[in-house]
Every structure is written in structure tokens, then in C-alpha cells.
Amino acid sequence: MLGPAGPLAPLLSRRYSNETIILFATAVIGLGSVLRIGATLPVILFGTLLVGAGIALNNVLLPSLIRRDYADRVGPMTGLYSLAVVGGAALASGVAVPLMTALGGAWRSSVGVWIGLAVLGVLAWLPAVFGRQTHARPLRGSGPSVWRNPYALPVTLYMGFQSLVFFTWLTWLPKVLQDNGFTAAQAGLLLAFANVVQLPFTLAVPVLAARPRLLVPIAVGTALLSGAGITGLLLSPLTPLPWLFMMGAGAGSMFPLALMFIAVRADGVAQVPQLSAMAQGFGYALAAAGPFIFGALHDWTGDWQVPLIFLLAMTGVVLVTGIAAGRGVRT
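Keep in mind the model is a prediction, meaning the values are calculated, not measured.

Caption draft 1: Spotlight on the overall build of the protein chain. Scanning the protein chain from terminus to terminus reveals 14 helices and 0 strands. Scanning the protein chain from its N terminus toward the C terminus, one meets helices and strands in the order α-α-α-α-α-α-α-α-α-α-α-α-α-α. Relative to the globule expectation of 20 Å for 331 residues, the C-alpha radius of gyration of the protein chain, 20 Å, shows essentially globular dimensions. Over its C-alpha atoms, taken along the principal directions, the protein chain stretches across nearly 60 × 50 × 30 Å. Out of the 331 residues in the protein chain, the part that is buried amounts to 46%. Excluding contacts between residues fewer than 6 apart, the proportion of contacts in the protein chain whose partners are at least 24 apart in sequence is 78%. When the accessible surface of the protein chain is split by element, carbon and sulfur atoms take 72% of a total near 15,500 Å².

Caption draft 2: Up close: a nonpolar patch on the surface. A surface patch of nonpolar side chains, amounting to about 350 Å² of accessible area, comprises L8, L11, L12 and Y16. Relative to the elements of secondary structure, L12 occurs in helix α1 (residues 8-12). We classify L12 as partly exposed; its relative accessible area is 30%.

Caption draft 3: A look at the packing of aromatic side chains. Under the criterion given, the structure shown has 8 aromatic pairs. Centre to centre, the rings of F166 and F167 are 5.4 Å apart; their planes meet at 45 degrees, and the pair counts as tilted. Here F166 falls in the buried class, since its relative accessible area comes to 18%. Here F167 falls in the partly exposed class, since its relative accessible area comes to 28%. Both rings, one in F201 and one in F245, keep their centres 6.3 Å apart while their planes meet at 75 degrees; by these two values the pair is edge-to-face. With F201 in helix α9 (residues 198-209) and F245 in helix α11 (residues 241-265), the pair connects residues that are 44 residues apart, well separated along the chain. Pairwise contacts between aromatic rings join F166, F167, W169 and Y284 into one cluster. The ring of Y151 has R265 sitting right over it, with the charged end atom 3.4 Å from the ring centre.

Caption draft 4: A look at the packing of α9 against α11. Across the interface, α9 lies against α11 with an axial gap of 8 Å and an inter-helix angle of 40 degrees. Between α9 and α11, the interaxial angle falls into the category oblique. The interaxial crossing formed by α9 with α11 has right-handed handedness. Contacts between α9 and α11 pair Q198, F201, T202, V205, P206 and A209 from the former with F245, G248, A249, A251, G252, S253, P256, L257 and M260 from the latter. For the contact of α9 with α11, the residue count by class is 10 nonpolar, 5 polar and no charged.

Caption draft 5: How the structure looks around helix α14 (residues 305-326). For α14, spanning 22 residues, the distance from its first C-alpha to its last is 32 Å, which sits close to the expected 32 Å at 1.5 Å a residue. The complete set of buried residues in α14 reads P307, L308, F310, L311, M314, T315, V318, T321, G322, A325 and G326. Each buried residue of α14 lies within a common arc of 145 degrees when the element is viewed along its axis, so the set occupies one face. Where α14 is buried, its residues touch α7 (152-179), α10 (215-235), α11 and α13 (289-301). Remark: G328 follows α14 within two positions and exhibits a positive phi of approximately 75 degrees.

Caption draft 6: Geometry of the nonpolar core. By size, the foremost hydrophobic cluster in this structure holds 59 residues, and its most contacted members are W169, L257, F261 and I262. For W169, the residues in contact, after removing those within four places along its chain, are P174, L191, A194, N195, Q198, M247, G248, A251 and L311. Judged by nonpolar contacts, the second largest core, of 9 residues, contains A9, V60, L61 and L65.

Caption draft 7: Focus on the side chain of T202. Relative to the helices and strands, T202 resides in helix α9. There is a polar contact of 2.6 Å between the side chain of T202 and the backbone oxygen of L199. Setting aside residues no more than four positions away along its own chain, T202 makes contact with G79, S82, L83, V86, G252 and P256.

Caption draft 8: Seen up close, the packing of helix α2 (residues 18-35) against helix α6 (residues 115-130). Axis separation between α2 and α6 bottoms out at 9 Å; the angle between their running directions is 165 degrees. It follows that α2 is roughly antiparallel to α6 by the angle criterion. Two packed elements cross with a definite hand, and for α2 against α6 that hand is left-handed. Within the contact between the two elements, α2 uses E19, T20, I22, L23, T26, A27, I29, G30, S33 and V34 and α6 uses I115, A118, G121, V122, W125, L126, A128 and V129. Residue composition of the contact of α2 with α6, by class: 12 nonpolar, 5 polar and 1 charged.

Cut-off values and rules
Residues numbered from 1 in each chain as written. Predicted model: local features only at pLDDT ≥ 70, side-chain atom pairs only at ≥ 80, totals over all residues. Heavy atoms only, no water. Helix = DSSP H or I, 4+ residues; strand = E, 2+ residues; numbered from the N terminus. Rg over C-alpha atoms; globule rule 2.2 N^0.38 Å. Buried < 20%, exposed > 50% of the residue type's maximum accessible area, 1.4 Å probe, protein only. Contact = heavy atoms within 4.5 Å. Areas by Shrake-Rupley, 256 points an atom, 1.4 Å probe, with all protein chains shown as cover. Patch = residues over 30% accessible without salt bridge, like charges linked within 9 Å, V, L, I, M, F, W, Y side chains within 5 Å. Salt bridge = Lys/Arg side-chain N within 4 Å of Asp/Glu carboxyl O. Phe/Tyr/Trp six-rings, centres within 6.5 Å; stacked < 30°, edge-to-face > 60°. Lys NZ or Arg CZ within 6 Å of the ring centre and 35° of its normal. Axes fitted to C-alpha atoms, helices over the stretch in contact; angles between N-to-C directions. Parallel < 35°, antiparallel > 145°, perpendicular 65-115°, else oblique. Left-handed = near helix turned anticlockwise from the far one by under 90°. Nonpolar A, V, L, I, M, F, W, Y, C, P; charged D, E, K, R; others polar. Expected span 1.5 Å × (residues − 1). Arc of directions from axis to C-beta. Core = buried A, V, L, I, M, F, W, Y, C linked by side-chain atoms within 4.5 Å. Polar contact = N/O pair within 3.5 Å; in protein donor to acceptor, adjacent residues only side chain to side chain.

Read these as geometric descriptors, not functional statements.
What follows is the structure, given as C-alpha cells:
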């Protein structure tokens, strides 16, 4: 849903303020969370679709608010936003099973806990909607078209391929580790380690990337770091800790860098939600193919070498698109 729902955000922003759309999207996440504890699978899946759609709308619009309201602090605010996104996901995935155990093995209770966060999100956002007299929103046809932005394609591809690399190893890493002799519990802890490693990088990288001359070096360095981790896992899977550190550091750096590219490559504030929708809509649709291809390559070859080589090649594409997206940014 991060792919197809994201492009709806700039269409809605032609009629409603970004603050109003974010409030609506957060309420949709809450409704979807309620349905996800439903009695039947179709209800649960429909609730999951609503959650994904609400997240997609917020993902597109929040970077544009950062560019609009914190123009002189885009780097630090993008870092805080990225830290919240990555840290929240890591927290939720880490405590879901312990919560279920603590609640007597009731998975619905564990999933239902997150309804409370959606409610808090709605309440916390109300002042943003009703606390100001006016909210600026772009008029239909105002500003240059995102399709004429020469950096829209490299930014979109960078967002897509870095997401593809991350979602692929996030999906398959436990299975790769288990097939190399680790228990399910050990594989889960190692995956958690790779996720936690991301947190300081999500905060630090946007602050550094606020200096335009550092965009390309950061894009190169983070892609090489991620590639080194994948290479290490390919050649020495029995000693995964240093490789998972590199992969986590790379993923935790590339996601906020992609958000920075959206902020600095948009041609004016009005174009930020358009570029964000393009980059995240098409980018996440592209990324969704990664776990499928990785698994299909494993089925075809019977081992993990070829899938990991595929992931390494995709990291090479991240490197190339990152250079293209970061070149020539003006101060």
C-alpha cells in the first residue's frame, strides 16, 4: 500500500491542507488497527490495507511539512523524523511477541495495543489542524510540474532501490541465518541487532547531509558500507555480527538520505509532496519486488549465494542512483 496509496496525497492536497490530510490518515490507521483484531481473515486484511494506506499518506506529506516549516533545519528535523519511523518500527517488531506472551498468548491483544498509539497520534495532531487560522496549500497547477524535474527519476530510483535492499534482507535474513546453523531465537536476535544499529545513523546522516557538498560522499559511503556487509555475509555467514552492523548502518543511513534528496531536489516547497509521492509511490512499488525475486532465486538455485549476489548488485544500483541524485546540489 505504500506504493499505490502514496500518490493520492498530492491529489488530496489540492483541496485540503496537509495538516487535515495527516489527521485523516492517522485516524484511518486507527480504524485499520481496530479491524486488524477482527474475527475473520478478510476483515484483518482489509484493516491491514487501511493501515498501509494511512501510513503511505503520512509518509508523503510529513517531509513536505518539514521543508515548509523548518526550512533552516531540514537536516536535524529529517533526522528526528527518520529516527521516529525506524525506532518505532524496531520497537513494535521487538515487543510484539513478548507482549503476546505477557497477555496470555492472545495475539489480538498484542496487535490491539497499537490502537492506543493511533488515538494518541490523532489527539497530538489536533492542535496542528485547529491551532492555526490558515494552512497553506498549493493551488491546482501552481509551480513547476514534477515531471519536468530532471532529478525526479534518480531520486525515485534511489528511494526504490535502497528500499528494495532493506526490505529484502529484513524479510529473508532470519531464514538465511537459520540455514547456516543458527537457531530461530538466535536469528531473531541478530535481526533485532541489525535494526537497532540503524538508529544513531538515522539521526546523524540528515544532519551531515544538510551540507550539500556531502550528499554524494554520503551516498557513496553508505552504499559501499551496505555492500561490504552483504559481501561479508556472502563469504563468511558464520560470523554475522560485523556484517549485520554494516548492513544496518547502511540501511539506517540510506533511508533518511532518500528523504533529504526529496527535500532538496524538489523545485520549491509546493513540489515536495509531488516529488515525495513519486519517489515513495513508484519507489516502494519497485521495492516490493525485491523479497519475491530473492526468494525465487533461492528456489531456483537451492542456496543463498546467488540471491545475495543479486542483493549486492542492487546495492550497486543504489550507489549509482545516489550519485545521480546528489550531484550539483546548490547551497
